[in-house]
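Coordinates in review
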Amino acid sequence: MASGTGVIALKYNGGVLLASDTLLSYGSLARYPNIQRIKQVGDKTAIAASGDYADFQYIANQLDELIVEDQLQDDGVSLGPKEVHGWLSQLMYNSRCKFEPLLNTVLVTGFQDGKSFLGFVDSIGTHFTCEDCMATGLASHLAMPLLRKKFESNPAMSREQAIEAIEEALTLMFYRDCRAFAKYQIADCTAAGVNISAPRLLNTKWDYKGFDFEVTKLITLPGTY
Amino acid sequence: MSSIGTGYDLDTDTFSPDGRIFQVEYATKAVDNSGTAIGLLCRDGVVVGVEKTLISRMLVPGSNRRSMAVDIHAGLALTGLTADARQVISRARAECSEYKNSFGVPIEGRVLADRLAMYYHMFTLYWSLRPFGCSALVASYGDDGPQLFMIDPSGSSWGYYGCAIGKGRQVAKTELEKLDLGKLSCVEAVKAIAKIIHLVHDPTKDKIWELEMSWVCDASNRRFQPVPQDLLAQAEEEAKKQVGDSEKTKTTAMSE
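Residues numbered from 1 in each chain as written. Chains lettered and ligands numbered in written order. Predicted model: local features only at pLDDT ≥ 70, side-chain atom pairs only at ≥ 80, totals over all residues. Heavy atoms only, no water.

1. Remarks on the packing of helix 2 (residues 82-103) of chain B against helix 3 (residues 109-122) of chain B
Residue and element names in this part refer to chain B. Where helix 2 contacts helix 3, the axes come no closer than 10 Å and their chain directions differ by 130°. Comparing their axes, helix 3 and helix 2 come out oblique. Between helix 2 and helix 3 lies a crossing whose hand is right-handed. Contacts between helix 2 and helix 3 involve Q87, V88, R91, A92, E95, C96, Y99 and F103 on the former and, on the latter, V111, L112, R115, L116, Y119 and Y120. Residues that form the contact of helix 2 with helix 3 fall into these classes: 10 nonpolar, 1 polar and 3 charged. (Axes fitted to C-alpha atoms, helices over the stretch in contact; angles between N-to-C directions. Helix = DSSP H or I, 4+ residues; strand = E, 2+ residues; numbered from the N terminus. Parallel < 35°, antiparallel > 145°, perpendicular 65-115°, else oblique. Left-handed = near helix turned anticlockwise from the far one by under 90°. Contact = heavy atoms within 4.5 Å. Nonpolar A, V, L, I, M, F, W, Y, C, P; charged D, E, K, R; others polar.)

2. Let's talk about the interface of chain A and chain B
Each side of the interface is counted separately: chain A has 5 residues, and chain B has 10 residues. Summed over both partners, the interface of chain A with chain B comes to about 630 Å²; 43% of that surface belongs to carbon and sulfur atoms. Across the chain A-chain B interface, the total number found is 1 salt bridge. With a closest N to O distance of 2.6 Å, A:D74 and B:R65 form a salt bridge. Linking chain A with chain B are 3 residue pairs in polar contact (both at pLDDT 80 or more). Grouping the constituent residues of the side of chain A that touches chain B by class yields 2 nonpolar, 1 polar and 2 charged. (Buried area = accessible area lost by both parts, 1.4 Å probe. Salt bridge = Lys/Arg side-chain N within 4 Å of Asp/Glu carboxyl O. Polar contact = N/O pair within 3.5 Å; in protein donor to acceptor, adjacent residues only side chain to side chain.)

3. Overview of the pairing of strand 2 (residues 45-53) of chain B
All names here are of chain B. Counting buried residues along strand 2, 8 of its 9 residues qualify, which places the element largely inside the surrounding structure. Both strand 1 (residues 37-42) and strand 2 contribute to a ladder of 6 bridges, which runs antiparallel. Across the sheet, the residue bridging to L40 is V47, located in strand 2. Between strand 1 and strand 2, which pair antiparallel one after the other, the connecting turn spans 2 residues. (Buried < 20%, exposed > 50% of the residue type's maximum accessible area, 1.4 Å probe, protein only. Pairing = 2+ DSSP bridges.)

4. Topic: the layout of surface pockets
Its boundaries defined by the atoms lining it, the largest pocket holds a volume of some 680 Å³. A:D64, A:E65, A:V68, B:D71 and B:K100 are the residues nearest the centre of the largest pocket, which is lined by 26 residues in total. Those elements that provide at least two residues to the lining of the largest pocket are strand 6 (38-41) and helix 1 (53-73) of chain A together with strand 3 (67-71) and helix 2 of chain B. Broken down by element, the residue count for the lining of the largest pocket peaks at 9 residues, all from helix 1 of chain A. Each residue belonging to the lining of the largest pocket can be placed in one class, and the counts come to 9 nonpolar, 9 polar and 8 charged. Looking at the second largest pocket, its volume works out to about 420 Å³. Residue assignment for the lining of the second largest pocket shows that the elements contributing at least two residues are helix 1 of chain A together with strand 3 and strand 10 (225-226) of chain B. Top element by residues in the lining of the second largest pocket is helix 1 of chain A. It accounts for 5 residues. (1 Å grid on protein atoms, 1.4 Å probe; cavity = no way out; pocket = protein on both sides within 12 Å on 5 of 7 lines; lining within 4 Å. Points joined across faces, edges and corners; volume = space filled by probe spheres on them.)

5. Here's the deal with the side chain of B:T12
The residue B:T12 is located in the segment before helix 1 (22-32) in this model. Setting aside residues no more than four positions away along its own chain, B:T12 makes contact with B:I21, B:Q23, B:V24, B:F123, B:T124, B:Y126, B:L129 and B:P131.

6. As for the nonpolar core
By size, the foremost hydrophobic cluster in this structure holds 39 residues, and its most contacted members are A:I8, A:L10, A:L18, A:I166 and A:L170. Of all elements in the fold, only strand 2 (8-12), strand 3 (15-21), strand 7 (45-52), strand 9 (115-121), strand 11 (133-135), helix 3 (139-153), helix 4 (159-176) and strand 12 (183-190) of chain A reach the threshold of two or more residues within this core. The biggest single contributor to this core is helix 4 of chain A, with 7 residues. Leave out the neighbours within four places in its chain, and A:L18 touches A:I8, A:A9, A:I38, A:A46, A:I47, A:A48, A:L107, A:T109, A:Q185, A:I186 and A:A187. Membership of the second largest hydrophobic core comes to 27 residues, among which are B:V47, B:A189, B:A192 and B:A239. (Core = buried A, V, L, I, M, F, W, Y, C linked by side-chain atoms within 4.5 Å.)

7. Observations concerning the sheet that holds strand 7 (residues 157-159) of chain B
All names here are of chain B. If you trace the 5 strands from one edge of the open sheet to the other, you get 3-4-5-6-7, paired in antiparallel fashion. Whereas interior strands pair on both sides, the edge strands pair on one side only; in this sheet they are strand 3 and strand 7. Pairwise comparison of adjacent strand axes, ignoring direction, gives a mean angle of 25° for this sheet. As defined by bridge partners, strand 6 (residues 145-151) adjoins strand 7 across 3 bridges and the pair is classed as antiparallel. Bridging from a neighbouring strand, M150 pairs with W158 of strand 7. Sheet strands touched by helix 2: strand 3, strand 4 (74-80) and strand 5 (134-142). Its angle to strand 3, the strand with the most contacts, is close to 20°.

8. As for helix 2 of chain B
For helix 2 of chain B, with 22 residues, the first-to-last C-alpha span of 31 Å sits near the 32 Å given by 1.5 Å per residue. Of all the positions in helix 2 of chain B, only B:D84, B:A85, B:V88, B:I89, B:A92, B:R93, B:E95, B:C96 and B:Y99 are classed as buried. Elements that come into contact with the buried residues of helix 2 of chain B comprise helix 1 of chain A together with strand 3, strand 4, helix 3 and strand 5 of chain B. Note on helix 2 of chain B: the residue one or two positions beyond its end, B:G104, has a positive phi of about 75°. (Expected span 1.5 Å × (residues − 1).)

9. Quick look at the sheet that holds strand 2 of chain B
Residue and element names in this part refer to chain B. Strands sit in the order 8-1-2-9-10 across an open sheet of 5 strands; the sheet is antiparallel. The open sheet is flanked by strand 8 (162-165) and strand 10, the only strands paired with a single partner. Bridge count for strand 2 against strand 9 (residues 209-217) is 9 bridges, and the pairing is antiparallel. Along strand 9, the bridge assignment pairs V48 with S214.

10. Here's the deal with the pattern of salt bridges
Applying the stated rule across the entire model yields 26 salt bridges over all chains. Residues joined in a network through salt bridges with shared partners are A:D74, B:K52, B:R65, B:E210 and B:E212.

11. So, a nonpolar patch on the surface
All names here are of chain A. Nonpolar side chains collect at one region of the surface, where Y175, W206, Y208 and F211 lie side by side and expose about 440 Å² of accessible area between them. The residue W206 is located in the loop between strand 14 (200-201) and helix 5 (213-216) in this model. Overall, the relative accessible area of 44% leaves W206 in the partly exposed class. (Patch = residues over 30% accessible without salt bridge, like charges linked within 9 Å, V, L, I, M, F, W, Y side chains within 5 Å. Areas by Shrake-Rupley, 256 points an atom, 1.4 Å probe, with all protein chains shown as cover.)

Structure (structure tokens):
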């Protein structure tokens, strides 16, 4: 039942960013802290999902098979984010119809036909594309307002501005979501392809007086402190 | 020339008194009468080339492929009956996919060759089936390194450093033996194969033809794909020069 918390995506001028932390939780246990939860699919697409990781691995394997089959055709056309999103939405909806839902909410990002693509699919097969930003899981409550505000104030933002916005959102998620983590990765989808960054740590602030041991200690042992 | 197999050559499940299966031998004749295919195992990959005889000048260049990928890291080049070749490719793709589903890793060259050999061989056991009229060069580049195998209609599979099948194989084999097999780079192999195929090609018999080459190597990121157009064009230019002026004046339809 290893699961990941919310993932977020934000479009910018020239591409789209997809970010997730690198933690798989086992209930309340932060069990696997160094897992890449973003997957590249073919040349143009990156996907990430919140929810059950085993189901996400199943989705990833199915998509890999789909990509190989398409590449073997060698017909000069390859599956892009739009096709991956469409296929995935049917996979999830049909699983739901069989009462075997894939317990994930997936974000599909990529760059195709000169435009960035951002799509959403959830475990009951609800699917749509987004013009600005999207988040899954708890991040849809925590990060979405922030991302929307950033996008509305500057829809044609640069990659650096977008990364700043994403990092701010991830920091907020780490502060407020018990199942989130400070180590994260960002995938950048542009005309040049997909680039998934190495894991890095968020800058978080803990030096508040309220967190001092003097303030938080429960008892004073005799002979100490 | 072989002896006449009267009476013992009607079904593939019949031996002749001298221990031959004539149907398999006749299938091999279908291969031997087709365009030459050459495979070369290099230190950084595998290169395969096929002399594609065309039936019409109106065919789109590069269509009717003879060398096709069966997995990301592996591909086949076949010579003989094209329709039979498509069946073999289809089966090879299924084998690669099944293997990955069962074992979680891409299929190794020798395992794929073995599976295809078993498939070919199966068709030599039953009266109701006929053997495949094509031979396959299996090229792969996985964690087991570059691999080249050849499977003939009888279902025998052998690993090679350099292999030639089809009508020009005798001359091609002689030329291949002159090369530093196993130590060439893929780019050198592309030029060598282009030269050999131009050498063995008979312009009086097959007026219109096309050279198709594919490789799986470090330069292609271990993916089986057609050799880049510019490298192929350059290799053919050099080949035509080396093989002599008499080749240049004949009409050939090249892929542009």
